[in-house]
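Coordinates in review
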Amino acid sequence: MLTPEIKKRLSEETLDEKLQKLEAHIKSSLRGSRSKISKNYQRWDRNIAVYRGLHIRDEEDLQAADANEPEKSVIPMSFAQVQTWAAFGFMLFRQNTTFYEMKATGAEDHPLADLIERGLERDLCHNAWNSKLYQFLLDMARCSIAPIKHWWTVDTAKIQVSRPMSLDILGLPQFGGEETLELTTYEGNRIQNVSPFRFLPDLRLPITRWREGRFVADEDEWHITNVKELEKKNLAAGVKHVRQADRNLFKESDRVESRFATLAAELNSGSRAGQDATDFMTVKVEGNIWLTPQEYDLGPEDHPVLFNFILANDRLISIMRQNALHFEFNYDLGVFSPDSEARLAEGLCDTINALQETVSWLYNTRIQSVRRSLDNHLVVHPSYVDLAALESRSPIIPLSKNTPVDDIRKYVSQIQVADSTTGHFQDADTLMKTMMFVTGVNENAMGQYAPGRRSATENRAANIGASSRMKMLLSCAWEMALGPLGRKLSINQRQGITLPTYQKIFGSSEEVLAKWPAFAPEDPAALVGNDDFLVFDGTLQSEKGFLAQNLQELVTTVIQNPEFAMASGFDLQAALDEIQTLRGTSNVRRFFKPPQVQPVPGATGVAAGGAPSPAGSAIPPGFTPPAGAV
């Protein structure tokens, strides 16, 4: 929330000298980032266009369309490669019951592991996480980077309710009327994908070290009404001084690199632009930045402190401290290839672009050649052939009456043209195999099998080999983005959750309420520097099935040798639980009932010496318990 002092300073029509200095510093930082990352826009646009199969029509395509013939096209090999890679990553990350699995390092945290997993899964479901994970994987493959941001939010809504009817002092009924209640509709983490085109990190460092930068931000188009909602929540101030976006506004700030600045101006270029001050679009830039508070009259500290800022049409409308107990940027970044030697490494589409273009060219030239060969190129003797009938493609071509009766090929003959494109499809097939060899996204990953029979062991080895390269990249993405994201989401939840929301999520039983003080401690130090972390189980289902089969064979062997089982202390029940867990069935013990001990006829129910026997058990007559037995 904005402090009253900062809110007053931002509400002035002209910002004071220190805020103007801060605004200029933020704009200068963003301008440097924008000028560097915009150099990748053309490459990303090309990758996305090829992935979508978009082809710019030329004159040859228009002529082919007029003749009802096929136009040139993009062979969607990039689409197949990206979709296979994204599908593999999606299934790898979503194969377990919950996306995040908590590993507690202290005994006091073990009871909270289940609550943290359930709480994170609830927030992910509320944010349609599957679609966001899919977009995350697409961005990594097509643009090599996949930004994602999060924040804690409390959404409310007002509702009118009728008060119950009461009796006045005379005992007559009195209507209660209506009152307005403000209810919390959602309290939890918000997660949002950020387009690589809109992401503005500190690129003075390699992209793999973006967390060490001094700032990070993203830009988006917002309607002025949405910006005013921030002011109502005390998250912004001075919104009434935000100018409508036009090209001159951004020229003044030298913001020529931004593709979204001009977009907002185009959105406002309609008939209502400049006429209605309550209906126009803004370019909102939001992010985190390290600042020295003393330098801008934001606090007494003389060392860097993390702040959140918001610009609307290049006007500073918010600057507040980052109070999250994780003390980090509220952004995370997945990188397709975390190569520290490259400022911005290439993605999957960049790697196969040259092969993709060649394959499309081979297919298109082959189709064009076939189309040309379908047209008859004839050599005609005009003295003996009716040219008008020939040009009209009439099924009957009459010859003149004075045509000699001999070989007709002397008067009408088709030109024999050698087709040099007959091997293009075979060449394209070779390039496709080369593409799969280069990326590792091959037939096994796509669910296709090479010709010939394979044993189960050979098939398993092929699947593991096909997935190893993709698993390596996805494991790096987990360590760089998804793992830190989950850790910060859990800290946000434990820091900001209220007891009513806690009860709605986990219930209100005595056992759950007893964990509340540990889940949401009053002392913030309990959440700072927490060593508990979220683990990633990257074992594939095929690998889990192999492990389950090996363990099942061990159980079978042990059962056949009961003496060895008793001597080694083999826990059969634990082994069965592990086998079923590997195959996707958890808590298998619920299917087993505890054995019921039948009472022995004639038993008295009292042990020797007058001590009662254990509940539900019977002691045979004449049995004497050992000394010291209870």
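Residues numbered from 1 in each chain as written. Predicted model: local features only at pLDDT ≥ 70, side-chain atom pairs only at ≥ 80, totals over all residues. Heavy atoms only, no water.

**Quick word on the overall build of the protein**
The following threshold applies: Counting from the N terminus, the helices are the DSSP runs of H or I reaching at least four residues and the strands are the DSSP runs of E reaching at least two. The cut-offs for exposure are 20% and 50% of the maximum accessible area for each residue type, with area from a 1.4 Å probe on protein chains only; residues under the lower value are buried, those over the upper are exposed, and the others partly exposed. In what follows, residue pairs with any heavy atoms lying within 4.5 Å of each other are defined as contacts. Each accessible area is a Shrake-Rupley result for a 1.4 Å probe, and residues are judged covered by the shown protein chains and nothing else.
Assigned secondary structure in the protein consists of 21 helices and 14 strands. Residue burial in the protein is summarised as follows: out of 630 residues, 40% are buried. By sequence separation, contacts in the protein at least 24 residues apart represent 71% of the contacts at least 6 residues apart. Accessible surface, the protein: about 35,300 Å² in total, of which carbon and sulfur atoms supply 55%.

**Quick look at the pattern of salt bridges**
Working definition: two side chains of opposite charge can pair if their charged atoms are close together. Put simply, the rule reads: The working definition used for a salt bridge is a side-chain nitrogen of Lys or Arg within 4 Å of a carboxyl oxygen of Asp or Glu.
Considering all chains together, one arrives at 30 salt bridges under this definition. One salt bridge in this structure joins Asp58 and Lys72, with 2.9 Å as the shortest N-O distance. Taken together, the positions of Asp58 in the loop between helix H3 (41-51) and helix H4 (59-66) and Lys72 in the loop between H4 and helix H5 (77-93) put the pair 14 residues apart, joining distant regions of the chain. Taking the relative accessible area as the measure of exposure, Lys72 reaches 18% and is therefore buried. Salt bridges linked by common partners bring Arg211, Glu328, Asp332, Arg487 and Lys488 together as one network.

**Focus on the sheet that holds strand E10 (residues 315-321)**
As a reminder, the rule being used: Strand pairing is assigned whenever DSSP identifies at least 2 bridges connecting the two strands. The convention used is that axes are lines fitted to C-alpha atoms, helices contributing only their stretch in contact, and that angles between N-to-C directions extend from 0 to 180 degrees.
Across the sheet, five strands lie side by side as E6-E7-E8-E9-E10; this open sheet has antiparallel pairing. Both edges of this open sheet fall to strand E6 (199-201) and E10, since each of them pairs with a single strand only. For this sheet the average axis-to-axis angle between neighbouring strands, irrespective of direction, equals 20°. Bridging between E6 and strand E7 (residues 215-223) involves three bridges; their strand directions are antiparallel. Bridging across to E7, Leu200 finds its partner in Ala217. Sitting on the sheet, helix H2 (residues 17-37) is in contact with E6, E7, strand E8 (281-291), strand E9 (305-312) and E10, with an inclination near 110° to E6. Contacts from helix H8 (residues 224-232) reach E7, E8, E9 and E10 within the one sheet, and its direction differs from that of E7 by about 120°.

**Observations regarding the state of the cysteines**
Spelled out, the test is: Sulfur atoms of two cysteines make up a disulfide when they are within 2.5 Å.
For the structure on display, the rule yields zero disulfides. Note on Cys143: no disulfide assigned, nearest cysteine sulfur contributed by Cys349 at a separation of 8.0 Å.

**Concerning the packing of aromatic side chains**
As a reminder of what qualifies: To pair, rings of Phe, Tyr and Trp, with the six-membered ring standing in for Trp, must have centres within 6.5 Å; the planes then decide the type, stacked if under 30 degrees apart, edge-to-face if over 60, and tilted in the middle. By definition, being over a ring means that NZ of Lys or CZ of Arg is both within 6 Å of the ring centre and within 35 degrees of the ring normal.
Applying the stated criterion to the full structure yields 19 aromatic pairs. When the centroid spacing of 5.7 Å and the interplanar angle of 40° are considered together, the rings of Phe99 and Trp478 count as tilted. With Phe99 in the loop between H5 and strand E1 (101-103) and Trp478 in helix H15 (residues 456-496), this pair connects stretches of sequence that are 379 residues apart. With a relative accessible area of 4%, Phe99 lands in the buried category. Classification of Trp478 by relative accessible area gives buried; the value is 3%. Taken together, the ring pairs in this structure connect Phe93, Phe99, Tyr100, Trp129 and Trp478 into an aromatic cluster. Of note, Arg142 hangs over the ring of Tyr51, and the distance from its end group to the ring centre comes to 4.9 Å. A cation over an aromatic ring shows up here: Arg494 above the ring of Phe519, its NZ or CZ 5.8 Å from the ring centre.

**Focus: a nonpolar patch on the surface**
The test is simple: Here a patch means residues that are over 30% exposed by relative accessible area and free of salt bridges, tied together within 9 Å if like-charged and within 5 Å if nonpolar (Val, Leu, Ile, Met, Phe, Trp, Tyr).
Together, Ile159, Leu181 and Leu183 make up a nonpolar patch on the protein surface, roughly 230 Å² of accessible area in all. As for its position among the elements, Ile159 is in strand E2 (residues 145-162).

**Observations concerning H5**
Test applied: Expected helix span is taken as 1.5 Å per residue step, with the number of steps being one fewer than the number of residues.
Taking 1.5 Å per residue as the helical rise, H5 with its 17 residues ought to reach 24 Å, and the 24 Å between its terminal C-alpha atoms agrees with that figure. Listing the buried residues of H5 in full gives Met77, Ser78, Gln81, Val82, Thr84, Trp85, Ala86, Phe88, Gly89, Leu92 and Phe93.

**Some thoughts on the pairing of E8**
In terms of residue burial, E8 counts as a mostly covered element, since nine of its 11 residues are buried. Where E7 meets E8, nine bridges bridge the pair, whose relative direction is antiparallel. Across the sheet, the residue bridging to Asp218 is Glu286, located in E8. With eight bridges joining them, E8 and E9 adopt antiparallel strand pairing. Paired with Trp290 across the bridge in E9 is Leu306.

**Here's the deal with the packing of H5 against helix H7 (residues 129-143)**
Applied cut-off: Note on terminology: angles under 35 degrees are roughly parallel, angles over 145 are roughly antiparallel, angles of 65 to 115 are roughly perpendicular, and the others are oblique. Note on convention: near helix rotated counterclockwise from far helix by under a right angle means a left-handed crossing. Clockwise means right-handed.
Relative orientation of the contacting elements H5 and H7 amounts to 135°, with a least axis distance of 9 Å. It follows that H5 is oblique to H7 by the angle criterion. Regarding H5 and H7, the two cross each other, and that crossing is right-handed. Two secondary-structure elements touch here, H5 through Val82, Gln83, Trp85, Ala86, Gly89, Phe90 and Phe93 and H7 through Asn130, Leu133, Tyr134, Leu137, Leu138, Met140, Ala141 and Arg142.

**Notes on the layout of surface pockets**
Rules: Think of a 1 Å grid over the protein atoms and nothing else: a 1.4 Å probe that fits but is trapped marks a cavity, an open set flanked by protein within 12 Å on at least five of seven lines marks a pocket, and residues with an atom within 4 Å of a point count as lining. Grid points are joined across faces, edges and corners, and a volume is the space filled by probe spheres set on the points. Lys, Arg, Asp and Glu make up the charged group, whereas Ala, Val, Leu, Ile, Met, Phe, Trp, Tyr, Cys and Pro make up the nonpolar group; the residues left over, Gly among them, are polar.
Approximately 1,400 Å³ is the volume attributed to the largest pocket. As for the largest pocket, its lining consists of 40 residues, and the residues nearest its centre are Trp151, Trp152, Thr153, Val154 and Leu235. Contributions of two or more residues to the lining of the largest pocket are made by E2, strand E5 (178-193), E7, H8, E8, E9, E10 and H15. Per-element tally for the lining of the largest pocket: the top contributor is E2, with eight residues. Residue classes in the lining of the largest pocket are distributed as 12 nonpolar, 16 polar and 12 charged.

**Comments concerning the sheet that holds strand E11 (residues 331-335)**
Two orientations exist for strands paired in a sheet by backbone hydrogen bonds: parallel and antiparallel. Strand order across the open sheet formed by three strands is E5-E2-E11, with antiparallel pairing between neighbours. Edge positions in the sheet fall to E5 and E11, since each has one partner strand and no second. Taking each pair of neighbouring strands and ignoring which way they run, the sheet shows an average axis angle of 25°. Of the strand pairs in this sheet, E2 and E5 are connected by 15 bridges, and their pairing is antiparallel. What sits directly across from Trp151, in E5, is Arg190.

**Topic: the environment of Asn127**
To keep things clear, this is the line we draw: In protein, a polar contact requires one atom able to donate a hydrogen and another able to accept it; more generally it is a pair of N or O atoms within 3.5 Å, and residues adjacent in sequence count only if both atoms are side-chain atoms.
Residue position: Asn127 is located in the loop between helix H6 (110-126) and H7. By relative accessible area, Asn127 is classed as buried at 5%. Sequence-wise, Asn127 and Gln192 are 65 residues apart; in three dimensions their C-alpha atoms are separated by 8.1 Å. Look past the residues within four positions of Asn127 in its chain and what remains in contact with it is Lys132, Tyr186, Asn189, Arg190 and Ile191. A polar atom in the side chain of Asn127 sits 2.9 Å from the backbone nitrogen of Ile191.

**Topic: H2**
Keep this limit in mind: Taken from the helix axis, the directions to the C-beta atoms give the arc we talk about.
Here H2 contains 21 residues, and its C-alpha end-to-end distance of 30 Å stays within 8% of the 30 Å for a straight helix at 1.5 Å per residue. Along H2, the residues that are buried comprise Leu19, Leu22, Glu23, Ile26, Lys27, Ser29, Leu30, Ser33, Arg34 and Ile37. Buried residues of H2, seen end-on, are gathered within an arc of 160° and therefore sit on one face of the element. N-cap assignment for H2: the residue whose side-chain oxygen lies 3.1 Å from the backbone N of Lys18 is Asp16.

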